[in-house]
Amino acid sequence: MRRLTHALRRHKAIYLLLLPGMLYFLLFHYLPLAGVSIAFMDYSPFLGLSGSSWIGLDNFAKLFDDPEFASTVRNTLVISFLQIAFAFPAPILLALLLNSLLSGRVKRMVQTVVYLPHFLSWVIVIAVWQQVLGGAGALADLFQQLGLGSVNVMANAETFKILLTAQVIWKDVGWGTIIFFAAIASIPTQLYESAAVDGAGPLRRTWHITLPGILPVIVLLLILKLGDVLSVGFEQILLQQPSVGAEAAQVLDTFVYFRGVLGGDWGIGAAAGLLKGVIGTLMIVAANRMARRAGSEGLF
Amino acid sequence: MSRRAALGLGFGVVAGTALAGCGSGGTRSSGTTKAAAPPPAYVAPPVYPGAIVPEVPGVPTAYPSMPKKLTRTVTQTPGRGGVVRHFHLTWGPPATPLADNRWWQGLNERLGIDFKVTEVSAGNYEAKFATMLAGGDLPEVVQLTFSAGCLKAIKQGAFADLSETLSGDKVLEYPNVANVRTEQWQACTINGGLWGVPIDVPVELLEFRYRKDWADKLGFAKPPADAEETAELLVAMTKGKPEGSKETWGLTAFPGMALELAYGMFGVPNLWTYEGGKLTHAIETPQFEAAIAWLAKLWKNGGMHPDALALGSQTDRYRAFVVQGQVGMAVDSAANFHRPTSQFGKVVAELDGAFAAFVPPGHDGSAKAVFRKSAGVYGINAISAEAAKDKDRLAEILRLFNWRRGPVGSEEWYYQGWGADGDYFTRGADGEPVPVEGTNLDADKGAIGYGLTPQSWIFPTAKECVETNSQMVRQSVASPVEGLQSDTQDARGAQLDQLFATYINQIVVGSRPLTDIEKYRQAWRGQGGDQIRREFQEQLKGR
């Protein structure tokens, strides 16, 4: 404590600079946390926080009683697993691949092209996919011409989760490479030179120099990603729900939307959201501890 | 978008999509508790020479041309000069800002207030409404839908109960408001209170159209006579290449048009049937099963667009197919087909009679199709309870409503539709408004004028429109739970609609067997259906 007061006195100006940032977090991230109390209330926006009645854990009980809740959690976890298993490593692979390109111009051009889909909204991305993979899309046309019957990848409930993951990869793989590129750029080039002198081929150099070099960044991002394990996207899934049905496409976020916003039951929505937050926090802490135990620096 | 959402577009802009999406939700219900005060008295709106007055109640009065002489129904400026805030529904871009908006400026002048408006897009309504309530300071006038959130707010006293203020002859103080039909007032009565002035829509908003030229080419000289022939025609429209190399489809969107058509032909009840003290939901009937079986077969035979499920919620794309002449059958609001300046009206004019109106046949050719009618209310123009505490303020707002409800043929009505003479339209010698080059009234109006103007059908084909609509209304039934209320329905409606998508959408496209209808029914009963039935039945017995 004394050290802190001492430091405060000595570096007044520097600490003063912290203030706006702290104020921002306080105002926009910590104060709204009070809204968590909605999860324990029969909340009515008209009556407000002070006028609504407390109902303890009823909302959570209702949540677990909901016939759809189990399948919602299952869907969320499956999609999340697919995203971590496939969408997470995809930008790493792409970054390594692009990194091995020799021509700087080609590299920059490819980078620009793969960044682009990130800036499209989901509505547009899905419309584009519909044109290609939908029942009247290019793929369906091709199948028809080859006499293979009809195909509609966009409306297949069984493969829907794979489709979602593929869309996420297509949209964000390029954007995701940015951070890995930065990490790769920070690896000293003499390491590669000496490895090459020692006779290491390109694959060996990637395996023994590039990958270990960017490992801390990968671990960091993975930990952050695990904190989001129950957020698998909202718009993207909501837009495609009519085609495949809620059984295949109800995830926690859409569940909250239907119960809370459309059903007017804000308490249940807040309860589900709170649960999501708690699990996310636990995941981050657990993943961080594991990473530290495995010898990496971890997040905190 | 639900049928309700589509119904809301009767005035001006028009929707056309998943009109019948809800397997469970649907038209509005209101309170059972009998209000102590009598409902507001009804005074029929004035009729001008040339009017086509329908015999069937709920079909709007129509005019083949603009009434020659406009009458003024409000002599004194209704407002007292202050700000009046409004929370309005919209389906389009917001209005042009006041400074560059002659129509809005003129409206302020005529109403004698500073008209402030928050335009809320219909898709975003629930969230915006809750935010507004949470903010605590309600606008004086709020357009309510019948969603769970709105009903909760009504019950908790956010809005003013007008049942006393407007009861019986007291409504005559606001003569234009007295043009609202009694059944419409009933639809705005919830928990014994009257919560505002209805947003007026025709009791049967829709009209069916089909490509007669294609049908002729494909060997169907007459409109289809039963469900089977309808399916054959739809398949032929898809596979028979009536436009040569251009791709065409019989139907393009599900649920939307497809469900509306099948429900009509097979006579699926309007939400519920009530017999012997017991309610049966539409989805529990054999008619429903037959309709879904017909749709599944139609899908299998290729009578629908392969992306129909996705198109069900992609209004713009679905509508574009109609405009591009790639759709064999379509359903939309009658006015949108008949108004020569509207999106589909232009298509109808261009095809010169080939895009013909028809009333779908009964499924076996002998019985007639059965349609579903509503009370003719899309939502409620409610007044905040806070504002209504001040009697003078309440009277002022009601005077504003009275002005805005100016009947067809009144100066107030004309201003809201076409603006001051010369600003956007000039009335020609025959009384017809001629647009002024370079002006766009729709853009200026935004949603400011939405919600109170009475339904008006004014187009050259008014007679045909009234005839077709009257026939459909004659063949339509009201829901037995119209005017009743179920808390479970309000809270679980969205969830039950989702079940419909999970099961029925998938059955129609063949991903689930038809026998899964039983699973759907069970899930529906378990997730609130039975509870809703109990709540409604109790009220029906109490009647």
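Caption draft 1: How the structure looks around the sheet that holds strand β7 (residues 197-200) of chain B. All names here are of chain B. An order of β3-β2-β4-β14-β7 is seen for the five strands of this open sheet, with the pairing classed as mixed. Lying at the two open borders of the sheet, with one neighbouring strand each, are β3 (114-121) and β7. On average, each strand axis in the sheet is tilted by 25° relative to the strand beside it, whichever way the strands run. For strand β2 (residues 83-90) and β3, the ladder comprises eight bridges, and the chain directions are parallel.

Caption draft 2: Up close: the environment of Val125 of chain A. All names here are of chain A. Position of Val125 among the secondary structure elements: in helix α8 (residues 122-133). Here the alpha-carbon distance between Val125 and Trp170, two residues 45 residues apart in the chain, equals 9.3 Å. Ignoring any residue separated from it by four or fewer positions in sequence, one finds Val125 in contact with Pro117, Leu120, Gln167 and Lys171.

Caption draft 3: Fine view of the nonpolar core. Residues and elements named next belong to chain B. Residues Trp195, Ala258, Ala262, Ala291 and Leu295 are the most contacted members of the largest nonpolar core, which totals 204 residues. When residues of this core are assigned to their parent elements, the largest contribution, ten residues, is made by helix α19 (residues 487-508). For Ala291, the residues in contact, after removing those within four places along its chain, are Ala262, Tyr263, Phe266 and Val268.

Caption draft 4: Spotlight on the environment of Lys368 of chain B. Residues and elements named next belong to chain B. Secondary-structure assignment places Lys368 in the loop between β12 (355-358) and β13 (371-372). Considering only alpha carbons, one finds Lys368 and Thr453, 85 residues apart in sequence, at a separation of 34 Å. Apart from residues lying up to four places away in sequence, Lys368 is in contact with Gly362 and Gln475.

Caption draft 5: The sheet that holds strand β8 (residues 206-211) of chain B, seen in detail. Residues and elements named next belong to chain B. Across the sheet, three strands lie side by side as β11-β8-β12; this open sheet has antiparallel pairing. The open sheet has two free edges, formed respectively by β11 (329-333) and β12, since each of these has just one partner strand. Across the sheet, the axes of successive neighbouring strands diverge by a mean angle of 35°, strand direction being ignored. With four bridges connecting them, β8 and β12 associate as antiparallel partners. By the bridge assignment, Tyr210 is partnered in β12 with Ala356.

Caption draft 6: Spatial organisation of the packing of helix α9 (residues 286-300) of chain B against α19 of chain B. Residues and elements named next belong to chain B. Interaxial distance between α9 and α19 falls to 7 Å at its minimum, and their mutual angle equals 50°. Relative to α19, α9 is oriented oblique. Contacts from Ile292, Leu295, Ala296 and Trp299 in α9 reach Ile504, Ile507 and Val508 in α19. Among the residues making up the contact of α9 with α19, the classes are represented as seven nonpolar, no polar and no charged.

Caption draft 7: Focus on the packing of α19 of chain B against helix α20 (residues 516-541) of chain B. Residues and elements named next belong to chain B. Contact geometry of α19 with α20 gives a least axis separation of 10 Å together with a crossing angle of 170°. Here α19 lies roughly antiparallel to α20, going by the angle between them. Taking contact as the criterion, the partners of Asp487, Thr488, Gln489, Arg492, Gln495, Leu496, Leu499, Tyr503, Ile504 and Ile507 in α19 are, on α20, Asp516, Ile517, Lys519, Tyr520, Ala523, Trp524, Gln527, Gly528, Gly529, Gln531, Ile532 and Glu535. Here the contact of α19 with α20 is built from residues that sort into ten nonpolar, seven polar and five charged.

Caption draft 8: Molecular detail of the domain arrangement of chain B. Examined at the domain level, chain B breaks down into domain 1 (81-92 + 99-203 + 376-452), domain 2 (206-372) and domain 3 (487-541). Domain 1 of chain B and domain 3 of chain B are separated by 35 Å when their C-alpha centres are compared.

Caption draft 9: Quick look at the pairing of β2 of chain B. Residue and element names in this part refer to chain B. Within β2, six of the eight residues are buried, which leaves it mostly tucked inside the rest of the structure. Regarding the hand of the β-α-β motif, the stretch spanning β2, helix α2 (residues 102-111) and β3 is right-handed. Where β2 meets strand β4 (residues 141-144), two bridges bridge the pair, whose relative direction is parallel. Opposite His86, over in β4, you have Val141 as the bridge partner.

Conventions we followed
Residues numbered from 1 in each chain as written. Chains lettered and ligands numbered in written order. Predicted model: local features only at pLDDT ≥ 70, side-chain atom pairs only at ≥ 80, totals over all residues. Pairing = 2+ DSSP bridges. Helix = DSSP H or I, 4+ residues; strand = E, 2+ residues; numbered from the N terminus. Axes fitted to C-alpha atoms, helices over the stretch in contact; angles between N-to-C directions. Contact = placed C-beta atoms within 7 Å. Core = buried A, V, L, I, M, F, W, Y, C linked by C-beta atoms within 7 Å. Buried ≥ 20, exposed ≤ 12 C-beta atoms within 10 Å, placed from the backbone. Parallel < 35°, antiparallel > 145°, perpendicular 65-115°, else oblique. Nonpolar A, V, L, I, M, F, W, Y, C, P; charged D, E, K, R; others polar. Domains from an automatic or database assignment. Right-handed = clockwise from strand over helix to strand, strands pointing away.

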